[in-house]
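Results of the structural survey
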Amino acid sequence: MPKKTFKPLDFSKVKTYPLKKRLSKVETALFGKKVQKGARVRALIEGLPDILAAQNLKAIARKILGRGVAIRGALVQIGPHPIDRSAWDWRAIEDNPFWCPDAAMALRWADYLDTVRKAGSSAGAVIEIVASGVPAGLGEPIYDKLDGDLARALMTINAVKGVEIGSGFAAATLKGEDNADEMRIDDGRVVFLSNNAGGILGGISTGQDIVARFAVKPTSSILNPLRTVDVEGNEVEISTHGRHDPCVGIRAVPVGEAMVASVLADHLLRHRALTGDI
Ligand SMILES: Cc1cc2nc3c(=O)[nH]c(=O)nc-3n(C[C@H](O)[C@H](O)[C@H](O)COP(=O)(O)O)c2cc1C
C-alpha cells in the first residue's frame, strides 16, 4: 500500500477516546500506551485486504478453482435502499462506482450517499456474493460445513454484523413447501426448481450457485458528534474528521469475493485430498 495514502493526522483527534473509538483493550495491550499507534496500525491492516483481495481472488479462483468457477459480488442495499432484484444485470456493476447490479438504484444511491456524507453521517450496506460453477460435493456434513466456513470467513471482515446463505433470515417466514428446493429430471439430469438453500445442503455444495450475503454496519468514524468517555474517565463528545468512507460496503465487495474464493478453494483442495476427485 503506498505510504502517501495513509494520513496519520486523520486520527489525531481520537487519541484520547479509546473506549468509543477504534482502540479496544486488546489493541491497547498489543500496542502499549501509544494508543494512536494502535489506530494507525489498525488503519493499515484494514486497508490491506481490499488491495490484496482482487489479486488473491484472481490467483485463487483461476489456479485452484479453475476457469469454470466464477465468483462475483454486488452491493444490493445501501442504508434503507435495496435494489430491485428484477432489474439485476451483472453488466451494470462495471458502469457505476457501487458494484450495483441495478443501474437505476445506483443513481439513487449516489444522491443518498451525498446527502449522508454532507450531513456528517454514514450508512450501512448489504453485499451479495454469488459463486457459479462450483462442483457438487464440497464441504462436510458436520463441523466444517461449507456454509459454516463461509459464514465464519465473511463474519471476520471488519464491520460485518450479519451473514446469510440463500434465503437466509427470510427462510424463517417461509412454509416448508415454499422453502424446499424441489427436484425434477431435465434431459436426464437432476435439476432444482429453486435455490433457497443458496447452493449448500447439509453442509455440502449442491452444484447450484452458492449465494451468500453479508451486512456491514454504518462507518463508525463520523463527523457528527457522539458521546463517549476519554482515558481519564471524563464524559466527552467526539467528532471524527479526515478521510473516512461514508459507506464501507463499497470497498467490502472485493473483500467478500476474496473471502468466498478462499473458502471454496480450501474445500476443493480438501475434497481433492480426500477423494482424488475433481
Ligand atoms: C473495507 C473497509 C473499510 C473500512 N473503512 C472504515 C473507515 O473509514 N472508518 C471507520 O470507522 N471504519 C471503517 N471500517 C470499519 C472498521 O474496520 C471496523 O468497524 C472496526 O475495525 C471495528 O470492527 P467491527 O466493526 O468488526 O467490530 C472499514 C471496514 C472495511 C471492511
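Structure shown above.
Each chain has its residues counted from 1, running along the sequence as written. Whole-chain, interface and lining totals are the exception, using all residues; otherwise, since this is a predicted model, local features are given only for residues with pLDDT of at least 70 and side-chain atom pairs are given and counted only at 80 or more. Side-chain measures were taken over the full set of non-hydrogen atoms in the model, leaving aside hydrogen atoms and water.

Looking only at helices and strands, the protein chain has six helices and eleven strands in total. Counting over 278 residues, the protein chain shows a buried share of 40%. Two residues qualify as a contact provided that any one of their heavy atoms is within 4.5 Å of a heavy atom in the partner residue. Considering only residue pairs separated by 6 or more positions, the protein chain has 69% of its internal contacts joining residues 24 or more positions apart. Each helix is a run of H or I in the DSSP string that is no shorter than four residues. Each strand is a run of E no shorter than two, and both are numbered from the N terminus. Each residue is placed in one exposure class: buried if its accessible area under a 1.4 Å probe, protein chains only, is under 20% of its type's maximum, exposed if it is over 50%, and partly exposed if it falls in between.

All right, on to the sheet that holds strand β4 (residues 160-165) then. Strands pair in a sheet through their backbones, by hydrogen bonds, and they do so in one of two ways: parallel or antiparallel. If you walk across this open sheet you meet the five strands as β2-β1-β3-β9-β4, and the pairing is antiparallel. At either margin of the open sheet sits one strand with a lone partner, and together these are β2 (81-82) and β4. Here, any two strands with at least 2 DSSP bridges between them count as paired. When strand β1 (residues 70-78) meets β2, the two strands line up antiparallel, connected through two bridges. Its bridge partner lying in β2, Ile78 is registered against His81. Each axis is a line fitted through C-alpha atoms, and for a helix only the stretch in contact is used; angles between axes span 0 to 180 degrees, taken between their N-to-C directions. Seen against the sheet, helix α3 (residues 103-118) touches β1 and β2 and runs at an angle of roughly 55 degrees to β1. Its contacts with the sheet put helix α6 (residues 249-275) on β1, β3 (125-132) and β9 (210-216), and the angle it makes with β1 is roughly 145 degrees.

The subject of this paragraph is the nonpolar core. Side-chain atoms within 4.5 Å are what join buried Ala, Val, Leu, Ile, Met, Phe, Trp, Tyr and Cys residues into a set we call a nonpolar core. Counting 46 residues, the largest nonpolar core has Ile71, Leu75, Ile78, Phe98, Phe214 and Leu264 as the members making the most contacts within it. Elements with a contribution of two residues or more to this core: α2 (35-65), β1, α3, β3, α4 (146-155), β4, β9 and α6. Ranked by residues supplied to this core, first place goes to α6 with ten residues. Aside from chain neighbours lying at most four places away, what touches Leu264 is Leu65, Ile71, Ala131, Val134, Leu138, Leu146 and Ile210.

This paragraph deals with the packing of aromatic side chains. The geometry of an aromatic ring pair comes down to the distance between the two centres and the angle between the two planes. Each Phe, Tyr or Trp ring (for Trp, its six-membered ring) is paired with any other whose centre lies within 6.5 Å, and the angle between the two planes then decides the class: stacked below 30 degrees, edge-to-face above 60, tilted in between. Taken as a whole and judged by the stated rule, the model has two aromatic pairs. Taken together, a centroid distance of 5.1 Å and an interplanar angle of 70 degrees make the contact between Trp88 and Trp90 edge-to-face. Relative to Trp109, the ring of Phe98 lies with its centre 6.1 Å away and its plane at 90 degrees, an arrangement referred to as edge-to-face. Of this pair, Phe98 sits in the loop between β2 and α3 while Trp109 sits in helix α3, and the two are eleven residues apart along the sequence.

Take the side chain of Thr219 next. Tracing the backbone shows Thr219 in the loop between β9 and β10 (226-229). Thr219 gets classed as buried once you look at its relative accessible area, which sits at 11%. Polar contacts involving the side chain of Thr219 include one to the main-chain carbonyl oxygen of Asp245, which spans 2.6 Å. A 3.5 Å cut-off defines polar contacts: any pair of N or O atoms within that distance qualifies, except that in protein one atom must be a possible hydrogen donor and the other a possible acceptor, and neighbouring residues in sequence count only when both atoms are side-chain atoms.

Geometric descriptors of this kind do not, in isolation, establish any biological role.
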